[in-house]
Amino acid sequence: MTNNVTSIILLGFPNLKMFTFPFFSLLVLLYCGTISGNLLIVVLYLVSKTLQSPMYFFITQLSLCDLLLNTDIVPVLLHTVLYGGSSITLIGCITQFTIFAVSESSECLLLSVMSYDRYLAICNPLRYHSIMSHVLCVKLICIIWLIGFLVILNHTFSIYNLDFCGPHIIDHVYCDFEPILQLSCSDTSRIHTQGFMLGSLFLIIPFIVIVMSYVYIVITILKIPSNTRRYKAFSTCSSHLIVVSIFFGTLIIVYMFPPGGESLTLSKVLSLMYTVLTPLLNPIIYTMRNKDFKEAYLKIHIESCLLNPVALLVQYIGR
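Calculation criteria
Residues numbered from 1 in each chain as written. Predicted model: local features only at pLDDT ≥ 70, side-chain atom pairs only at ≥ 80, totals over all residues. Heavy atoms only, no water. Helix = DSSP H or I, 4+ residues; strand = E, 2+ residues; numbered from the N terminus. Buried < 20%, exposed > 50% of the residue type's maximum accessible area, 1.4 Å probe, protein only. Contact = heavy atoms within 4.5 Å. Pairing = 2+ DSSP bridges. UniProt positions renumbered as here; feature names shortened; annotations may be inferred. Disulfide = S-S within 2.5 Å. Phe/Tyr/Trp six-rings, centres within 6.5 Å; stacked < 30°, edge-to-face > 60°. Salt bridge = Lys/Arg side-chain N within 4 Å of Asp/Glu carboxyl O.

Some details on the overall build of the protein
For step 1, the next point in the chain: Scanning the protein for helices and strands turns up ten helices and three strands.
For step 2, the next point in the chain: Counting helices and strands in the order they occur from the N terminus, the protein gives β-α-α-β-α-α-α-β-α-α-α-α-α.
For step 3, the next point in the chain: Residues counted as buried form 45% of the 319 residues belonging to the protein.
For step 4, the next point in the chain: Considering only contacts within the protein whose residues lie at least 6 apart along the sequence, 79% involve residues at least 24 apart.

Encoded structure:
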């Protein structure tokens, strides 16, 4: 690899001017909310016995994807917004893209598995627990993370072996696939083909699986005679459907129909949708609309309030 690029400047949003601090403050609030919300879901799943089911296990894994993505993108973005730009090494830039790609590809596969889980729960409820066992859930998650890591690592290794000769400026909010390739003076046609194939593997195929699952789900729900049971069946998958619509909608627009130079700002805003906003909305959608999560949180909150005075009393007597 011939490397004449030692450091890269991420421009982010260079023309914010008087809106810099309000935008920075907003990002900080979103970041804190995302970390807190997703950590809360993980903790609730680990300590609550009522949440030990496949659906909540997958939701917990989704939170881990969002935590990984947000921690990878937002700290650098905050520095970029506050100072009007951010310097990052080429290795650091490729590493950021690798972590981003692993988390996003794993989330695409995970959402498709979650749609299959909802398909089994609604369309084949009698065999649901026998098919979707805990062992199978763990195997599926291991396969998802392993495929995401190995495939993306091989892809980024190919990117690393390109010759980089400049420019050393990326006019984007993070180190994404296309902006990195624009720094290379090598022939990137093979890498672009490889990227298209990966897009099909991690974006198009999971999206088709999700659509097919929900076609069967809708058909099954419409056959339910009772309006109450029909509403209850639909409510069990509505949260997942909202998350899928936001997540896949923005990804498909950005990567399948990339905007031109005149729409660069739009591309940046859409990138914020799936790197900043979606990881924040996921815990809100799954907890605010979920009775089990609310009850688990209230139970733990009440227990902590009862145990804290006891712990203080024991500590006081021990003195």
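As for the sheet that holds strand β2 (residues 86–89)
For step 1, the next point in the chain: A sheet is described by the order of its strands in space; here three strands give the open sequence β2-β1-β3, paired in mixed fashion. Looking along the sheet, the strands with just one partner apiece sit at the ends: β2 and β3 (169–170).
For step 2, the next point in the chain: Two elements, strand β1 (residues 7–10) and β3, share two bridges in a ladder whose sense is parallel. Paired with I9 across the strands is I169, a residue of β3.

As for the UniProt feature "transmembrane region" (unreviewed entry) in the protein
For step 1, the next point in the chain: The UniProt feature table records "transmembrane region" (unreviewed entry) at residues 20–47, 136–153, 196–222, 234–257 and 269–288.
For step 2, the next point in the chain: In residues 20–47, the share of helix is 100% and the share of strand is 0%. The end C-alpha atoms are 40 Å apart.

What about the state of the cysteines?
For step 1, the next point in the chain: A complete count under the given rule lists two disulfides for this structure.
For step 2, the next point in the chain: One disulfide in the model links C93 with C175; its S-S distance is 2.0 Å. Across the S-S bond linking C93 and C175, the dihedral sits near -120 degrees, which makes this disulfide left-handed. Placement of the pair is C93 in helix α3 (residues 90–123) and C175 in the loop between β3 and α6 (177–181), with a sequence separation of 82 residues.

Looking at the packing of aromatic side chains
For any pair of aromatic rings, the description rests on two quantities: the centre-to-centre distance and the angle between the ring planes.
For step 1, the next point in the chain: In this structure the tally under the stated criterion is eleven aromatic pairs.
For step 2, the next point in the chain: A centroid spacing of 5.5 Å and a plane angle of 80 degrees characterise the contact between F13 and F23, whose relative ring orientation is edge-to-face. One end of the pair, F13, is in the loop between β1 and α1 (20–47); the other, F23, is in helix α1, and ten residues separate them in sequence. Judged on exposure class, the residue F13 and its partner F23 are both buried.

Considering the pattern of salt bridges
For step 1, the next point in the chain: On inspection of all chains with the given rule, the structure shows two salt bridges.
For step 2, the next point in the chain: Here D117 makes a salt bridge to R118, at a shortest N to O gap of 2.9 Å. Comparing D117 with R118 shows no difference in burial state: the two are buried.
For step 3, the next point in the chain: Note that D171 and K268 form a salt bridge whose closest N and O atoms lie 2.6 Å from each other. Residue D171 is found in the loop between β3 and α6, and its partner K268 is found in helix α9 (residues 264–288); the two are separated by 97 residues along the sequence.
For step 4, the next point in the chain: We classify D171 as partly exposed; its relative accessible area is 31%.

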